[in-house]
Amino acid sequence: MFGLSALFLARFQFAFTVGFHIVFPAFSIGLAAYLAVLEGLWLKTGRSAYLDLFKYWLKVFSVVFGMGVVSGLVMSYEFGTNWSAFSQKAGPILGPMLAYEVMTAFFLEAGFLGVMMFGLNRVGKGLHFAATCMVSIGTLISMSWILSSNSWMQTPRGYRIDEATGRFLPADWWQIVFNPSFPYRLVHMGLAAFLCVAFIVAGVAGWHLLKARREGRQASEQVRLMFSMAMWMAAIVAPIQVLAGDTQGLNTLEYQPAKIAALEGDWESESRAPELLFGIPDMKNETTHFKIAIPYMGSLILTHSLNGKVPGLKDYPKEDRPYSPLLFFSFRIMIALGMLMVLVGLWSLYLRWKGKLYDTPLLHRVALFMSPAGFLALLCGWITTEVGRQPFTVYGLLRTSESVSPIALPNIATSMVAFVVVYFIVFAGGITILLRTFAEEPHPDQHGPAEDQPQRAAGTTQVSHQPQPDAGMAE
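What counts, and where the lines are drawn
Residues numbered from 1 in each chain as written. Predicted model: local features only at pLDDT ≥ 70, side-chain atom pairs only at ≥ 80, totals over all residues. Heavy atoms only, no water. Helix = DSSP H or I, 4+ residues; strand = E, 2+ residues; numbered from the N terminus. Buried < 20%, exposed > 50% of the residue type's maximum accessible area, 1.4 Å probe, protein only. Contact = heavy atoms within 4.5 Å. Lys, Arg positive; Asp, Glu negative; His and termini not counted. Charge placed at Lys NZ, Arg CZ, Asp CG, Glu CD. Core = buried A, V, L, I, M, F, W, Y, C linked by side-chain atoms within 4.5 Å. Phe/Tyr/Trp six-rings, centres within 6.5 Å; stacked < 30°, edge-to-face > 60°. Axes fitted to C-alpha atoms, helices over the stretch in contact; angles between N-to-C directions. Parallel < 35°, antiparallel > 145°, perpendicular 65-115°, else oblique. Nonpolar A, V, L, I, M, F, W, Y, C, P; charged D, E, K, R; others polar. Salt bridge = Lys/Arg side-chain N within 4 Å of Asp/Glu carboxyl O. Disulfide = S-S within 2.5 Å. Pairing = 2+ DSSP bridges. Arc of directions from axis to C-beta. Polar contact = N/O pair within 3.5 Å; in protein donor to acceptor, adjacent residues only side chain to side chain. Expected span 1.5 Å × (residues − 1).

K.L.:
Would you mind showing me how to read the overall build of the protein chain here?
P.N.:
The helix and strand tally for the protein chain stands at 14 helices and 8 strands. Projecting the C-alpha coordinates of the protein chain onto the three principal axes gives extents of approximately 95 × 60 × 40 Å. Out of the 475 residues in the protein chain, the part that is buried amounts to 48%. Contacts in the protein chain between residues far apart in sequence, at least 24 positions, make up 78% of those at least 6 positions apart. If the 34 positive side-chain charges of the protein chain are averaged to one point and the 32 negative ones to another, these points end up 6 Å apart.

In structure tokens, the structure reads:
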């Protein structure tokens with residue numbers, strides 16, 4: 001028999017691997033869209049700076065995409081080794097959805113990735129741009145299938161349970177794929193990916209703007225351009241993300257009220273509930289210590305009504321309550337980072353209006369400091385979502401304790417140590433490569449494919465335009 005410690009370690013191992021993995025697909029999604037925009041603007045305007053930036057960030061994309069694929073493969077094995085009971089029961093629904101992701105998204109990305117990476121001087125401009133767009137679309141389709149699968153685990157619909165085996169069997173694929181939380185989470189995650197890339201780009205540009213100032217020179221056109229584009233993205237997308245998060249909160253209140261109670265630190269359900277800015281939830285004593293609250297704001301934010309009723313954790317059995325302390329702080333860190341991103345975006349708009357966007361070192365330092373903010377907010381949001389689903393893998397239907405494999409603690413501990421060592425070695429190397437790439441300024445002397453002559457594709461025979469001697473002359 002396996003004990004609680006084995007279950008905890010299995011959960012921690014999966015959280016560790018997913019925590020590493022989720023950063024890279026989000027980076028790939030946002031960066032693929034950014035590359036498509038850069039190439040499209042280059043084709044439209046002929047401005048070489050867009051092409052320089054495309055080549056610069058294409059190198060980053062190659063590393064990020066590879067790290068995302070490698071880290072994602074590990075999780076598929078964990079489903080079989082550590083979570084075989086979950087795979088056996090939920091496999092008839094989640095298995096086909098993950099297969100659809102491979103067939104529709106991964107094949108699309110893999111099919112056009114080589115053209116995007118190496119075909120700029122080998123295929124026509126239009127075909128290369130189409131390949132870049134296909135890779136970007138592929139990342140979005142991949143995100144859609146993965147989020148649909150995960151959302152089904154949060155708000156399961158369209159299933160029936162086999163009485164003999166306890167397996168979840170599909171009854172209505174439309175309800176399974178488009179389950180109640182899927183649209184909200186899809187929009188929220190997509191915007192999060194764009195913000196992650198926007199602040200990474202802004203941070204890199206901020207670094208080079210500060211470096212140019214220290215060296216007493218003007219920053220290059222490429223650096224100024226990518227800083228401007230990143231700030232536009234922050235100013236536009238960050239406020240929209242706040243609205244998207246609000247709609248997802250309303251959806252969560254309707255379908256997962258226990259999660260809302262846990263992340264708010266509320267123990268008693270009440271109308272005109274306050275919003276806790278700070279507190280320390282105590283699961284044992286069923287209270288929240290050191291509360292700092294704003295009266296009525298909890299009901300107003302969660303229900304859009306001062307008289308709205310907010311659920312409390314005491315409404316649910318102790319064994320069904322999510323772990324409030326972790327949820328409480330991860331949610332507030334996510335919100336704080338989101339508000340900071342909104343403020344940076346609005347600040348950039350003001351400085352752009354004043355004509356000082358490139359001449360304000362404080363903004364550039366803030367952009368550099370905030371460069372990982374999108375990823376930190378993403379991780380906090382993932383923790384809030386997944387820990388808030390506990391103690392279930394399939395919300396309200398299949399408990400996490402019923403999903404784990406009957407595997408001994410030493411086996412999980414051994415694989416956990418191996419994962420930690422390998423991940424830190426591999427990903428430390430990858431991140432080192434990325435940081436070295438970021439330290440280099442985009443080169444202004446890079447050029448696109450020549451426009452006055454066709455490009456020879458790999459594997460084809462080049463036709464000579466020189467006159468050839470006839471057979472007689474050869475003899």
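K.L.:
Even after reading the chapter, I still don't get the nonpolar core, so can you show me in this structure?
P.N.:
Residues Phe27, Tyr34, Trp57, Phe61, Met226 and Phe438 are the most contacted members of the largest nonpolar core, which totals 119 residues. The element that contributes the greatest number of residues to this core is helix H1 (residues 4-45), accounting for 18 residues.

K.L.:
Got a minute to help me understand the packing of aromatic side chains in this structure?
P.N.:
Between two aromatic rings, the relevant description is the distance of the centres plus the angle of the planes. Following the criterion strictly, the structure yields 28 aromatic pairs and no others. On the basis of an interplanar angle of 90° and a centroid distance of 5.7 Å, the ring pair of Phe20 and Phe424 is categorised as edge-to-face. Taken together, the positions of Phe20 in helix H1 and Phe424 in helix H13 (residues 409-439) put the pair 404 residues apart, joining distant regions of the chain. Relative accessible area serves as the criterion here: at 47%, Phe424 is assigned to the partly exposed category.

K.L.:
Would you mind going over the packing of helix H2 (residues 48-81) against H13 with me for this structure?
P.N.:
Packed helix pairs are characterised by how far apart their axes lie and by the angle those axes make with each other. One can describe the packing of H2 onto H13 by two numbers: an axis separation of 9 Å at closest approach and a directional angle of 170°. Classified by the interaxial angle, the pair formed by H2 and H13 is roughly antiparallel. Residues Tyr56, Trp57, Lys59, Val60, Val63, Val64, Met67, Ser71, Val74 and Glu78 of H2 lie in contact with H13, whose contacting residues are Phe419, Tyr423, Phe427, Gly430, Ile431, Ile433, Leu434, Thr437 and Phe438. Partitioning the contact of H2 with H13 into residue classes produces 14 nonpolar, 3 polar and 2 charged.

K.L.:
What is the right way to read the pattern of salt bridges from this model?
P.N.:
When the charged atoms of two side chains lie near each other, side chains of opposite charge can form a pair. Applying the stated criterion to the full structure yields 10 salt bridges. With a shortest N-O distance of 3.7 Å, Arg332 and Glu275 are connected by a salt bridge. A residue pair is termed long-range when its members are at least 10 positions apart, and Arg332 in helix H10 (residues 324-354) and Glu275 in strand E4 (residues 275-282) qualify at 57 residues. Across the pair, exposure class does not vary: Arg332 and Glu275 are buried alike. Several salt bridges share partner residues, and in doing so they unite Glu215, Arg217 and Glu441 into one network.

K.L.:
Help me understand unusual backbone geometry in this model?
P.N.:
Among all residues save glycine, negative phi is the norm, and among peptide bonds the norm is trans. Put simply, Gln390 and Pro391 share a cis peptide bond, and its omega is 10°. Turning to its location among the elements, Pro391 is positioned in the loop between helix H12 (373-389) and strand E7 (392-394). Of note, the phi angle at Phe290 is positive, near 55°, even though the residue is not glycine. Assignment of secondary structure puts Phe290 in strand E5 (residues 287-294). With relative accessibility at 61%, the residue Phe290 sits in the exposed group. We note that His304 has phi near 60°; this positive angle belongs to a residue other than glycine. Along the polypeptide, His304 turns up in the loop between helix H9 (297-303) and strand E6 (309-310). For His304, a relative accessible area of 46% corresponds to the partly exposed category.

K.L.:
Got a minute to help me understand the state of the cysteines in this structure?
P.N.:
A disulfide bridge is the covalent bond that connects two cysteines by way of their sulfur atoms. Per the counting criterion, the structure on display carries 0 disulfides. This cysteine, Cys196, is not joined by any disulfide, and Cys380 carries the nearest cysteine sulfur, 11 Å off.

K.L.:
Could you clarify how one ought to interpret the pairing of E4 in this entry?
P.N.:
For a regular strand, side chains alternate in direction, first toward one face of the sheet and then toward the other. Inspection of the sheet shows E4 paired to E5 by 6 bridges, in the antiparallel sense. Across the sheet, residue Glu275 finds its bridge partner in E5, namely Ile294. The hairpin formed by E4 and E5 contains 4 residues between the paired strands, and Glu286 there has a positive phi angle of roughly 55°.

K.L.:
Please explain helix H11 (residues 361-369) as it appears in this structure.
P.N.:
At 3.6 residues per turn, the α-helix brings residues three or four places apart onto the same side. Buried residues of H11: Pro361, Leu363, His364 and Ala367, and no others. All buried residues of H11 fall inside an arc of 160° around its axis, so they share one side. Away from the buried face of H11 by more than 90 degrees, exposed residues Leu362 and Phe369 are located. Among the structural elements, helix H6 (182-214), helix H7 (221-255) and H10 are those in contact with the buried residues of H11.

K.L.:
Teacher, can you tell me more about the environment of Ser299 here?
P.N.:
By the secondary structure assignment, Ser299 is in helix H9. Those residues in contact with Ser299 that sit more than four places away from it in its chain are Glu270, Ser271, Arg272, Ala273, His304, Ser305, Leu306, Gly308 and Val310. In terms of polar contacts, Ser299 uses its side chain to reach the backbone amide nitrogen of Arg272, at 3.1 Å.

K.L.:
Can you walk me through H6 in this structure?
P.N.:
Look at H6: 48 Å from first C-alpha to last across 33 residues, which is about the 48 Å you get at 1.5 Å a residue. A large share of H6 lies buried, amounting to 24 of its 33 residues. In the segment just after H6, Gly216 is the residue with positive phi, at about 70°.

K.L.:
Would you take a moment to explain the environment of Ser415 for this structure?
P.N.:
Relative to the helices and strands, Ser415 resides in helix H13. When the C-alpha positions of Ser415 and Ala235 are compared, they lie 44 Å apart, and in sequence the two are 180 residues distant. Reaching out from Ser415, the side chain makes a polar contact with the backbone oxygen of Ile412 at a distance of 2.9 Å.

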